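# Report on the structure
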Amino acid sequence: MSATKSPGQDASAPERETHATVDRSSRRSDRPSPSAPEFWRSPLRGPWLTSFLGTLLIPAVAVMLVTGFISHWAYYPEGTVDGRDIPVLFHIPASWPTWSYAVNQGTHVTLGLMTLPFVLAKLWSVMPKLFQRPVVSSFANALERLSLLALVASVLVEFATGILNVDDYFGGPLDFNTLHYYGAWVFGTLFVLHACVKLPTVRRAYRTRGALKPLLEGLPQTAPEPPVAEGLAPTNPGAPTISRRGLLAMVGGASLTIFAVEAGQSIGGPFRRLALLAPRGRVFGTGPNDFPVTHTAATAQITPAMTGPDWRLTAVGEQTVSLTRDELLAMDQATHTITITCTEGWSTTQRWTGVRLADLARLVNARKGAMLGAWSIESDHGASFVESQFMDDRALLALRVNGTDLSPDHGYPARVIVPNVPGTHNTKWVRELRFEAG
Ligand SMILES: Nc1nc2c(c(=O)[nH]1)N[C@H]1C(S)=C(S)[C@@H](COP(=O)(O)O)O[C@H]1N2
Ligand SMILES: [Mo]
């Protein structure tokens, strides 16, 4: 590499440059490449740290899988997605306390975000493996490395899709539910497999080092683990700049910080103000309608003409009826405090008043075992409910909230409110309710 000579340099300068270049390049060739074990010098890396981080991830992943599947079943209680059958073991009954789905979803999203620093730390702890040469050493080794590649890829897909969904990114050709659901099967299966395969390594690490003993060591006592062939411990350790417990405290601190600036969106009330990181629920209404709006009437292209005196609710069962808003208001009204929980994590609890969906089902003579499809004026927006959901006493076609008419942003003239369903099913600006065979 030749240095550009700037004007005014004296004659000896190029020589000095040459020396400098030689020095630099010799230093460069001295430095091992990432595929050499000596490249990785952190004295903290080793079987104990990786085992400990992995152990912490087990309960977090277990809770995320369970809450994730419960959420998916709540989304598709009828057990079909685009004509395909999915196994639904359980869906949260509408009759359970109204915050049940909120607890499930708040846990899923909050714990997921809180787990990210631990996943990153775990990946950091095994980073040398990514550069290992030869890339594969045997058929068995090839299988193991491929499964690890899929494990890492799937965990990254789960976190990336989850976070993008919290940020309300999806809506294009990629479907969040499909990606996140099948990603969870791949990740969950490989995670369980990985935990089983690594169990002996983890046990050895805890037996030789003590499961918790390294946590008692401050910086002066922090020593590298003895290196073994193809192990994680460095062959050429540098001096520690942080203890293992310091590293874990840093990761845990990052996790708690995420909790502090995120959980408020799920817990609600005064805590919502603390939810600085929560991207949703930043648009509010006024007066009794002062609670979060994600999709406003304007973004949904709902015009006053669509929701004016010409608006009718069409309800279809064995009979079809068409009702004005005044006719709906003249029916028996029910008032219930019900939580809406967006799958993105945030929730809001309000007092809704309207016609029971069960009364509308009876009015149109809905068949036994029918499903309800609710359709919005907004094109393409709809949701379906199974009988136990729409026949629940608290399942409403809401016309009013907190003692006043729904605002345009909250779904005027009428919106569906059913307890313990994903928020997106609470269809706003309803035009049609179809009680049809499932
Ligand atoms: N027609 C229609 N209904 C809708 C939506 C929508 O975009 N259009 N958003 C849904 C979503 S994702 C949620 S979480 C709830 C509450 O959203 P909001 O805050 O926009 O009212 O309403 C649901 N009902
Ligand atoms: Mo939502």
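Read on for a plain summary of the structure. (Residues numbered from 1 in each chain as written. Chains lettered and ligands numbered in written order. Predicted model: local features only at pLDDT ≥ 70, side-chain atom pairs only at ≥ 80, totals over all residues. Heavy atoms only, no water.)

## What to know about the pairing of strand E7 (residues 333-341)
Note: E7 against strand E8 (residues 347-356), nine bridges, orientation antiparallel. Its bridge partner lying in E8, Ile338 is registered against Gln350. Hairpin connection of E7 to E8: five residues between the antiparallel strands, including Gly345 at a positive phi of 120 degrees. (Pairing = 2+ DSSP bridges. Helix = DSSP H or I, 4+ residues; strand = E, 2+ residues; numbered from the N terminus.)

## Considerations on the nonpolar core
Judged by nonpolar contacts, the single largest core of 28 residues is most densely connected at Leu357, Leu360, Leu397 and Leu433. For this core, the elements supplying multiple residues, two or more each, are strand E5 (313-316), strand E6 (320-323), helix H10 (357-363), strand E9 (370-376), strand E10 (382-385), strand E11 (396-401) and strand E14 (430-437). Ignoring anything within four residues of it in the chain, the contact list for Leu360 reads Leu313, Leu323, Leu328, Met331, Val355, Leu397, Leu433 and Phe435. (Core = buried A, V, L, I, M, F, W, Y, C linked by side-chain atoms within 4.5 Å. Buried < 20%, exposed > 50% of the residue type's maximum accessible area, 1.4 Å probe, protein only. Contact = heavy atoms within 4.5 Å.)

## Digging into the side chain of Thr353
Within the element layout of this structure, Thr353 appears in strand E8. Of the polar contacts made by the side chain of Thr353, one reaches the side chain of Thr335; its length is 2.8 Å. Excluding anything up to four places from it in sequence, Thr353 contacts Gln333, Ala334, Thr335, Leu396, Ala398, Leu399 and Arg400. (Polar contact = N/O pair within 3.5 Å; in protein donor to acceptor, adjacent residues only side chain to side chain.)

## Concerning the environment of Met391
Within the secondary structure layout, Met391 lies in the loop between helix H11 (387-390) and E11. When its relative accessible area of 35% is taken as the criterion, Met391 is described as partly exposed. Sequence separation between Met391 and Leu156 is 235 residues, and the spatial gap between their C-alpha atoms is 40 Å. Excluding residues that lie within four positions of it along the chain, Met391 makes contacts with Ala358, Ala361 and Arg362.

## Some thoughts on the sheet that holds E6
The sheet built from five strands is open, its strands ordered E6-E5-E14-E9-E10 with mixed pairing. Each having just a single partner strand, E6 and E10 make up the two edges of the open sheet. Adjacent strand axes in the sheet meet at a mean angle of 15 degrees, parallel and antiparallel pairs treated alike. Inspection of the sheet shows E9 paired to E10 by four bridges, in the antiparallel sense. Considered in E10, the bridge of Gly373 is made with Ser384. (Axes fitted to C-alpha atoms, helices over the stretch in contact; angles between N-to-C directions.)

## What about the site of ligand 1?
As a structural note, the neighbourhood of ligand 1 is formed by 16 residues, with Thr294, His295, Glu378, Arg415 and Lys428 the closest of them. Between ligand 1 and Arg415 there is a distance of 3.1 Å, counted from an oxygen atom to a side-chain nitrogen or oxygen. Within the side chain of Lys428, a nitrogen or oxygen atom sits 2.7 Å from an oxygen atom of ligand 1. Relative to its unbound accessible surface of 510 Å², ligand 1 loses 96% to contact with the protein. Taken together, the residues of the shell around ligand 1 sort by class into five nonpolar, eight polar and three charged. (Near = heavy atom within 4 Å. Areas by Shrake-Rupley, 256 points an atom, 1.4 Å probe, with all protein chains shown as cover. Nonpolar A, V, L, I, M, F, W, Y, C, P; charged D, E, K, R; others polar.)

## Focus on the packing of aromatic side chains
A full pass over the atoms with the stated rule returns 12 aromatic pairs. Ring centres of Phe39 and Trp40 lie 4.9 Å apart, and the angle between their planes is 75 degrees; this geometry places the pair in the edge-to-face category. With relative accessibility at 12%, the residue Trp40 sits in the buried group. An angle of 70 degrees between the planes, with centres 5.2 Å apart, marks the rings of Phe390 and Phe435 as edge-to-face. Taken together, the residues Phe390 in helix H11 and Phe435 in strand E14 connect sequence positions 45 residues apart. In this structure, Phe390 and Phe435 share a single accessibility class: buried. Put simply, the rings of Phe69, Trp73, Tyr181, Tyr182 and Trp185 touch in pairs and so form one group of aromatic residues. The positively charged end of Arg45 is found above the aromatic ring belonging to Trp124, 4.2 Å away from the centroid. (Phe/Tyr/Trp six-rings, centres within 6.5 Å; stacked < 30°, edge-to-face > 60°. Lys NZ or Arg CZ within 6 Å of the ring centre and 35° of its normal.)

## What to know about the pattern of salt bridges
Tallied over the entire structure, the rule returns 13 salt bridges. The shortest N-O distance in the salt bridge between Asp359 and Arg356 comes to 3.5 Å. The partner of Asp392 in a salt bridge is Arg394, with the nearest N and O atoms 3.9 Å apart. Look at Asp392 and you get buried, because its relative accessible area is 12%. (Salt bridge = Lys/Arg side-chain N within 4 Å of Asp/Glu carboxyl O.)

In short, the description is geometric, and any link to function would need to be established separately.
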